Amino acid sequence: MEKGLYIAFEFEYNPDILQDKNALTNGIQKKVFFQFRTFERYGYHMDFYNPYSERRHSIERFLRRCPFHYLNSWNFDFGKISEYEFIYIRKMWFMDGDLIFFLRKVRDINPAIKIILEVPTYPYDSEGKKINMIPLKIKDKKWRKQLYKYVDRIVTYSDHDEIFGIQTIKSVNAIDFESCKRTGNNLDEHNINMIACSSLYYWHGYDRIIEGLYRYYIDNPQIPVNVYIVGNGAEFDNYKKMIDKYNLSSHVFLVGGKYGTELDDIYNKCVIGLDSMGRHRSGVFYNSSLKGKEYCAKGLVIISGVKTELDDDPTVDFYYRIPANDEPVNIQDILVFYFQLMQKRCITDVQNGIMEYAEKNFDFFIAMKSVVDFIKQNKM
């Protein structure tokens, strides 16, 4: 059986977690584990390696900000490198010299190995605005200039043909459809419920939704619209202040982090999913978001403030894109779009159609085929 190595920096691989829906509380962890399993489904024997598993976190996190410091060597058995056909690396938060020296040694040992680097967001230089991030960003810009010497392809969810001088494999963020699909309906026919589920960074832009709801309710509308904002993050307190300021606590529910069946219970109340509304704030104008794929698997009508792959599919009628700016979202426009869609089919048929689209286009086995095709290409 052919072998591959998956490298990620956040955690250790635990296959048992994939069997427990309530245990997968981290979106990145979920994605990494399902990608790993997808390679296995394609017939590869996979090893998993986390270079940071044995580092002394508090010390190393401080030292990494020093200009000339990096983890000099990873605790890796380089004697195994010749066994691997490929290495798939999920990019660390900021790249450093330790990655480059690892790749150089890999190439020296096994020149034929295929090295694939996934860059989940590109461009990303506008992310991490805190002052203590500046040294890491400087180091990233320095070391990424050497990637082209060692990396064969970069997997991107953007529309770039080349990143860091390396040809890309354009892919889409993916979901495990069976574990992600909608579990039921608990809809209120008198309310339109929306969900915004994220880590609440400034580029998610849900302040635009709150501002839009404030303006919507000034006109005393007949149709109540509610938004469930799910997640914890830097913007949580700002959103809470806005909700209190505009007296929207009966329509905007800031519920914190929810997972598993608790999250499903909220999804089952909702008919519309709100993707990122502020990606332009971080310099991103095309984004294949993971959350958008989960919304799709839940059968939700999707509203986005950034261009996605759904913009380019003329068969899609369940997707509405708002302008990439900082203006409040026009809630009335969303409702017009939603009710026009509902005139064509009943809500259950709409949901089933959206879910079928997700299964055919965004399941991991489908989404990662382009990566596997490259690995198999020109086999010696």
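### Brief notes about unusual backbone geometry
Look at the link from Tyr122 to Pro123: it is a cis peptide, with omega at -5°. Its place among the elements puts Pro123 in the loop between strand 4 (114–119) and helix 4 (134–143). Unlike most non-glycine residues, Asn220 shows phi in positive territory, near 50°. Turning to its location among the elements, Asn220 is positioned in the loop between helix 6 (207–218) and strand 9 (225–230). Asn220 gets classed as exposed once you look at its relative accessible area, which sits at 67%.

### Comments concerning the pairing of strand 3 (residues 84–90)
With seven of seven residues buried, strand 3 is to be regarded as a mostly interior element. Handedness of the β-α-β unit built from strand 3, helix 3 (residues 97–109) and strand 4 comes out right-handed.

### Regarding the environment of Glu2
Inspection of the secondary structure puts Glu2 in the segment before strand 1 (3–7). On a C-alpha basis, the gap between Glu2 and Glu85 in space is 6.7 Å, while along the polypeptide they are 83 residues apart.

### Focus: the nonpolar core
Ranked by size, the top nonpolar core spans 91 residues in total, and within it Phe39, Ile195, Leu213, Ile272 and Leu274 carry the most contacts. By residue number, the principal contributor to this core is helix 10 (residues 331–344), which donates seven residues. Dropping the residues within four chain positions of it, Leu213 is found in contact with Val225, Val227, Leu248, Val252 and Ile331. Core analysis: the next-biggest nonpolar cluster, separate from the first, contains 32 residues, Ile7, Leu99, Ile100 and Ile166 among them.

### Quick notes on a nonpolar patch on the surface
A surface patch of nonpolar side chains, amounting to about 340 Å² of accessible area, comprises Ile131, Ile134 and Ile138. For Ile138, a relative accessible area of 55% translates into the label exposed.

### Section: the sheet that holds strand 9
On the basis of which strands lie adjacent, the open sheet formed by six strands has the order 10-9-8-11-12-13 and parallel pairing. Of all the strands in the sheet, just strand 10 (252–256) and strand 13 (319–321) have a single pairing partner and so form its edges. Pairwise comparison of adjacent strand axes, ignoring direction, gives a mean angle of 20° for this sheet. Two elements, strand 8 (residues 192–197) and strand 9, share six bridges in a ladder whose sense is parallel. Bridging across to strand 9, Cys197 finds its partner in Val230. Helix 9 (residues 290–297) contacts strand 8, strand 11 (272–274) and strand 12 (301–304) of the sheet and is inclined by roughly 145° relative to strand 8.

The rules behind the values
- Residues numbered from 1 in each chain as written.
- Predicted model: local features only at pLDDT ≥ 70, side-chain atom pairs only at ≥ 80, totals over all residues.
- Heavy atoms only, no water.
- Helix = DSSP H or I, 4+ residues; strand = E, 2+ residues; numbered from the N terminus.
- Buried < 20%, exposed > 50% of the residue type's maximum accessible area, 1.4 Å probe, protein only.
- Right-handed = clockwise from strand over helix to strand, strands pointing away.
- Core = buried A, V, L, I, M, F, W, Y, C linked by side-chain atoms within 4.5 Å.
- Contact = heavy atoms within 4.5 Å.
- Patch = residues over 30% accessible without salt bridge, like charges linked within 9 Å, V, L, I, M, F, W, Y side chains within 5 Å.
- Areas by Shrake-Rupley, 256 points an atom, 1.4 Å probe, with all protein chains shown as cover.
- Salt bridge = Lys/Arg side-chain N within 4 Å of Asp/Glu carboxyl O.
- Pairing = 2+ DSSP bridges.
- Axes fitted to C-alpha atoms, helices over the stretch in contact; angles between N-to-C directions.

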